[in-house]
Amino acid sequence: MDKSEEVGNNVEVRAEAEGENEKKKKSRDFRNGMITGGLIAALLIVGIYAGKMAYQMYRVREAQADVAAEDGKSVVNTETLQKMKVIEDVIQNYYYYEDDISYEELQDGIYKGMVNSLGDPYSEYYSKEELEEVVDSNNGISYGIGAYISINKQMNMAMISGVMEESPALEAGLREGDIIYEVDGESTQGMSLTQVVSRVKGQEGTKVHITIYRENENDLLEMDIKRSKRLETTTVDSGILEDTDQIGYLRIREFDVVTVDQYTEAMAELREYGMKGMILDLRSNPGGDLTSVVDIASKILPRGLIVYTEDREGNRREYSSDGTRELDIPLVVLVNEYSASASEILAGAIQDYNKGTLIGTTTYGKGIVQRIQPLDDGTALKLTISAYYTPSGRNIHGIGIEPDIELEYDYELSEKEGIDNQVEKAIEILEGKIQ
């Protein structure tokens, strides 16, 4: 796999204000009101071969011309083409809602169905519009409501994994942990992450109607949210925790292209404030960009292997740190059952090198890699191409990473008193090491 991007799944966030006001925000008590929630879809490590990156473009027209030659060897042969034509004729003649027929959607349905038949929840066909959204999201730019969206695998429905400051989502009252029951009247159950995000996003100034299921609420919540303008995603939150011995808190919500610069800037500010120990919060981080997580890991780990991948032929690709930027202060990493993919790469490497203490619950367990392969008509396929392994050789797919200290998040304590018990435990450990 080329050293290229994996795809994030955020809708969009609003960047925080600059100057002294921002510095004041950075020093506020991050312990109050932090809610991790039970959210995530297994966000994917995906190689996007577009723009500045070289890629092999599969040609649709050449494949069409090869159908006759491969008639007896391919799924796409004369028999299947004839049957597709028969099905199309039956739809045209008998389908009740004639005005609702979209031939473009029927075509996309054929392609999506072929990929879905693989039975792999991480492989997907992208229409032109969906591919554009994926690329924008990976670059940290999108239109939307100012929230991160993921998929809850237990309910198989979309969920809110984060709400950004000064965003339409925050103004509307969305909370981390809310289940998106419907978007514009359409259930999200069974939808892929891309499908949900594409429905929430839209042109600036337009509205999206979202139906929310919230725990402890008797009725579903109905919200009309006005979409905001194009914004750069803020994936990193940071600050010095009050009433501590200069302990820094840094949360990475997902790994986008913009995350490396945001992490670097946040670390510089924390150093300026005199940080003596750091809490790295990867809870409910669904993953994202492989290059970004490798770059950030290189700023934490000693010299050596960060992660390696192996494809079906056994070909191995390694990603390493040169050790020149190794973190030199005590570190605690917070994880939960919704920390997945790229966040598991980082957490797993930190654990293998004994570079920090992992606190929380066993992570999601996504140890496979996807690549996006563009087609020459502007669409693309996202396919699983390899598995990844931690430096010690662990493949955590379907297993996850067990924390060094198992500690369930106390939702009742957070709701009633605004106290994050996992952060409190991290502070206790760090203050012991600082002294």
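Read on for an overview of the structure.

The rules behind these values
- Residues numbered from 1 in each chain as written.
- Predicted model: local features only at pLDDT ≥ 70, side-chain atom pairs only at ≥ 80, totals over all residues.
- Heavy atoms only, no water.
- Salt bridge = Lys/Arg side-chain N within 4 Å of Asp/Glu carboxyl O.
- Helix = DSSP H or I, 4+ residues; strand = E, 2+ residues; numbered from the N terminus.
- Buried < 20%, exposed > 50% of the residue type's maximum accessible area, 1.4 Å probe, protein only.
- Pairing = 2+ DSSP bridges.
- Phe/Tyr/Trp six-rings, centres within 6.5 Å; stacked < 30°, edge-to-face > 60°.
- Lys NZ or Arg CZ within 6 Å of the ring centre and 35° of its normal.
- Patch = residues over 30% accessible without salt bridge, like charges linked within 9 Å, V, L, I, M, F, W, Y side chains within 5 Å.
- Areas by Shrake-Rupley, 256 points an atom, 1.4 Å probe, with all protein chains shown as cover.

**With respect to the pattern of salt bridges**
Charged atoms that come close allow side chains of opposite charge to pair.
Then, in step 1: One pass over the full model with this rule turns up 18 salt bridges.
Then, in step 2: In this structure, the salt-bridge partner of Arg271 is Asp328, at a minimum N-O distance of 3.0 Å. Taken together, the residues span a long stretch of sequence, with Arg271 in helix H8 (residues 259-272) and Asp328 in the loop between strand E15 (316-321) and strand E16 (331-335) at a distance of 57 residues.
Then, in step 3: On the accessibility criterion, Arg271 (37% relative accessible area) is partly exposed.
Then, in step 4: Here the residues in one salt-bridge network are Lys85, Glu88 and Asp89, joined through shared partners.

**Some details on the pairing of strand E8 (residues 207-213)**
Then, in step 1: Direction of pairing for strand E6 (residues 179-183) relative to E8: antiparallel, over a ladder of four bridges. By the bridge assignment, Val183 is partnered in E8 with Ile210.
Then, in step 2: As paired strands, E8 and strand E9 (residues 221-226) are joined by six bridges and run antiparallel to one another. Counted as the bridge partner of Ile210 is Met223 from E9.

**What to know about the packing of aromatic side chains**
Then, in step 1: Following the criterion strictly, the structure yields three aromatic pairs and no others.
Then, in step 2: Where Tyr409 meets Tyr411, the ring centres are 4.7 Å apart and the plane angle is 75°; that geometry is what we call edge-to-face.
Then, in step 3: For Tyr409, a relative accessible area of 9% gives the class buried.
Then, in step 4: Tyr411 sits in the partly exposed class, given a relative accessible area of 40%.
Then, in step 5: Its guanidinium or amino end placed over the ring of Tyr308, Arg316 lies 3.6 Å from that ring's centre, counting from NZ or CZ.
Then, in step 6: Its end group placed over the ring of Tyr122, Lys366 keeps NZ or CZ at 4.8 Å from the ring centre.

**Let's talk about a nonpolar patch on the surface**
Then, in step 1: Nonpolar side chains collect at one region of the surface, where Val75, Val76, Leu81, Met84, Ile110, Tyr111 and Met114 lie side by side and expose about 600 Å² of accessible area between them.
Then, in step 2: Where the nonpolar patch is concerned, the elements lending two or more residues are helix H3 (78-94) and helix H4 (103-116).
Then, in step 3: When residues of the nonpolar patch are assigned to their parent elements, the largest contribution, three residues, is made by H4.
Then, in step 4: In this structure, Met84 sits in helix H3.

**Thoughts on the sheet that holds strand E11 (residues 236-240)**
Then, in step 1: What the six strands build is an open sheet, ordered E11-E12-E13-E16-E17-E20; its pairing is mixed. Each end of this open sheet is capped by a strand with a single partner; those strands are E11 and strand E20 (405-406).
Then, in step 2: Relative to strand E17 (residues 357-360), E16 is paired through four bridges, and the arrangement is parallel. Residue pairing across strands places Val335 opposite Gly360, the latter belonging to E17.

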